[in-house]
Each structure stands twice: as structure tokens, then as C-alpha cells.
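# Working through the structure, step by step
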Amino acid sequence: MITFDGVSKRFPDGTLAVDNFSITIPSRTTTVFVGSSGSGKTTLLRMINRMVDPTGGAIRIDDEDVSTLEPVALRRRVGYVMQNSGLLPHRTVVDNVATVPLLTGVPKREAREAALQLMDTVGLDRALAERYPSQLSGGQQQRVGVARGLANDPNILLMDEPFGAVDPLVRSELQQELLRIQKELAKTIVFVTHDIDEAFLLGDQVVILSTGGRIAQVGTPEEILAHPADEFVDNFIGAERGRRALSIKNVHGKDVVVDGTGRLAGILRVPSGESSRTV
Ligand SMILES: Nc1ncnc2c1ncn2[C@@H]1O[C@H](COP(=O)(O)OP(=O)(O)OP(=O)(O)O)[C@@H](O)[C@H]1O
């Protein structure tokens, strides 16, 4: 469990990036911070592993105040995946994945074998192990980034817009892959995005942020969609409303579900034993 307790961050130039932020992030689930540019998402994420230190309040990991932990040791314990994969260009894929275990003293052979297994986990062909990052596609690079984030088997995985720079098709593949991995590994994931669709797809808990890291609403995707807290949230999720609004259309005697643009979204199944359907 990660708790933010009245956390603030004022940068030396006076910018108040985060103002009195409090939240509990439950273990073994995915929490997504979503908000527009400059709402403080990255700052919040980086305060968890002390890449940034707060100027007020406290962050605790399982009741341990992170300010009492040594930053380098903490960062080796917490996986971090960033937008542009952050891979070392002069190291091969397998060496990139094995970087942190090697730094923490895992013998080379063992670290490389574990890295190859992690390549399997994230759906990367082992044949790519000896390539350099520049010889991979953007989607493959991001998979390497995820494998590297998982390399020390951390309980916590921080992900900062990890799929922001790839095309929509690959992005969708990576999202599905993350859902699969999370089902298997059940890490405490804190994921940052500005894309509300991505937030609703991946988040067990979604935190909608406005400027200064202010919480506009926190809840499950269902709670937020069903009961937007205010006009700000309504607008934030509303851009997609037309597409989200599903309706039933009868096609050749069969009920199908279409979205707000009229595109087929699925088939309506009436549970057996029910004579009428509720819409
Ligand atoms: N090192 C810094 N010094 C001064 N101000 C900063 C620094 N880092 C971030 N900020 C400011 O803090 C605010 C929050 O930035 P942050 O990067 O956390 O937002 P974000 O929601 O992640 O934005 P984006 O989606 O654009 O990455 C912004 O106004 C930003 O300009």
C-alpha cells in the first residue's frame, strides 16, 4: 500500500506542482493518475521513488516513510517505466533488461537468464536479445522498458505514459499485454496518462487530476462514468461521451449494440430464463 498524506511540491522557481495531495493506493492493483498536461502527474509519480522529494507532507510505502529510505536503494526496489523506454543505446536488449539486477550483485549468467525469461513475460521474441534498442520498433522498445521495470521483481511498478509514443494499434496491443501481465503478477502499479480511455481500461482505481495535483475525482471507472463528481470531470470524460453512449439497434430481427457514432459495439445477449430485456 502506498499513501500520500498531505503531499505538496513547490519547485525552487516557485511553481506549486502539487498542492496538499492525499490518497491511498491499494496493493496489487492498478491506480491511474489521469489529467491534462501540467496537472502534476509525473511529479506525483517521481515522489514515490524519490526522484523528486516533496516540500510538504509524507509518502509511505507499507507504513514506511520514503524520506527515511536511501534513494538509490529505493529506486532499485521500485520498477520505473518511462515514455521513451529510457533504454541504454549502447547495450543489447538482454543487457538493458539485466542492468539493475547486475547493479545489485546478481551474477551475470543468472541475470541474463532471468532477463530472457522476462522477455517471454512481456511477449518479446528471444531472438531479439542481442539487438540494440535502435534496431527495434517503438512497441518492442516499450516492451523492453516494461521488462526492465520488472527485472528486480519489484512489488511496485511506476509507469509514466509508457505507451504515449507508439501508434494506436501497437498501443492497444501493449495495453492488453499489460492487463495480461498484471493478472499474472499482481503488482502495485501506478500508471500516468493523459488519455481517459487508457485510464478506464487499465485502472482499478482512477484519479482524475486538475492543476496542482488537485483531485477532481477518485473512484473505479464505473463509479466515475456513472456519477461524474462535477462539471470538470464531466467535461474531461465527456469528450468521449458520444462514443461511450451505447444503444440498441435491430438489424434483420436481431438486436445489436452500436456506439454513439453508429459503429457496431457488440451483440445483446439476454441471460437465459429472462423473457424481456432491460436496457
Ligand atoms: N523541475 C521543475 N522545475 C519547475 N517546475 C517544474 C519542474 N518539473 C515540473 N514542473 C512544473 O510542475 C507542474 C507539474 O508538472 P508535471 O510534469 O508533474 O505535470 P504532468 O501532469 O506530468 O504533465 P505532462 O502530462 O505534460 O507530463 C508543471 O507546471 C511543470 O511546469
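Look above for the structure.
Below: a short report on this structure. What you see is a predicted model, and the numbers here were worked out from it, not measured in a lab.

### Structural notes on the overall build of the protein chain
- Each helix and strand in the protein chain was counted, giving 10 helices and 13 strands.
- Along the longest, intermediate and shortest principal axes, the C-alpha atoms of the protein chain span 65 × 50 × 35 Å.
- Counting over 279 residues, the protein chain shows a buried share of 33%.

### Brief notes about the sheet that holds strand E10 (residues 214–219)
- If you walk across this open sheet you meet the 6 strands as E6-E7-E8-E3-E9-E10, and the pairing is mixed. Lying at the two open borders of the sheet, with one neighbouring strand each, are strand E6 (78–81) and E10. Here the strands of the sheet are splayed against their neighbours by 15° on average, with no regard to which way each runs.
- In this sheet, strand E7 (residues 156–160) lies alongside E6 in parallel orientation, the contact comprising 4 bridges. Looking at the pairing, Gly79 lines up with Leu157 of E7.
- Sitting on the sheet, helix H1 (residues 41–48) is in contact with strand E3 (30–35), E6, E7, strand E8 (188–193) and strand E9 (205–210), with an inclination near 155° to E8.

### Re the sheet that holds strand E4 (residues 56–61)
- In space, the 4 strands of this open sheet follow the order E2-E1-E4-E5, with antiparallel pairing throughout. With partners counted over all chains shown, the strands left at the sheet margins are strand E2 (16–25) and strand E5 (64–65), one partner each.
- Summarising the sheet, strand E1 (residues 2–10) and E2 pair through 6 bridges and their orientation is antiparallel. Bridge pairing in E2 links Ile2 to Ile25.

### Overview of the site of the ligand
- Inspection of the region around the ligand gives 13 residues, with Phe11, Ala17, Ser37, Thr42 and Thr43 positioned closest.
- Classifying every residue of the shell around the ligand gives 2 nonpolar, 9 polar and 2 charged.

Conventions used here
- Residues numbered from 1 in each chain as written.
- Predicted model: local features only at pLDDT ≥ 70, side-chain atom pairs only at ≥ 80, totals over all residues.
- Helix = DSSP H or I, 4+ residues; strand = E, 2+ residues; numbered from the N terminus.
- Buried ≥ 20, exposed ≤ 12 C-beta atoms within 10 Å, placed from the backbone.
- Pairing = 2+ DSSP bridges.
- Axes fitted to C-alpha atoms, helices over the stretch in contact; angles between N-to-C directions.
- Contact = placed C-beta atoms within 7 Å.
- Near = placed C-beta within 6 Å.
- Nonpolar A, V, L, I, M, F, W, Y, C, P; charged D, E, K, R; others polar.

Keep in mind these numbers describe shape, not what the thing actually does.
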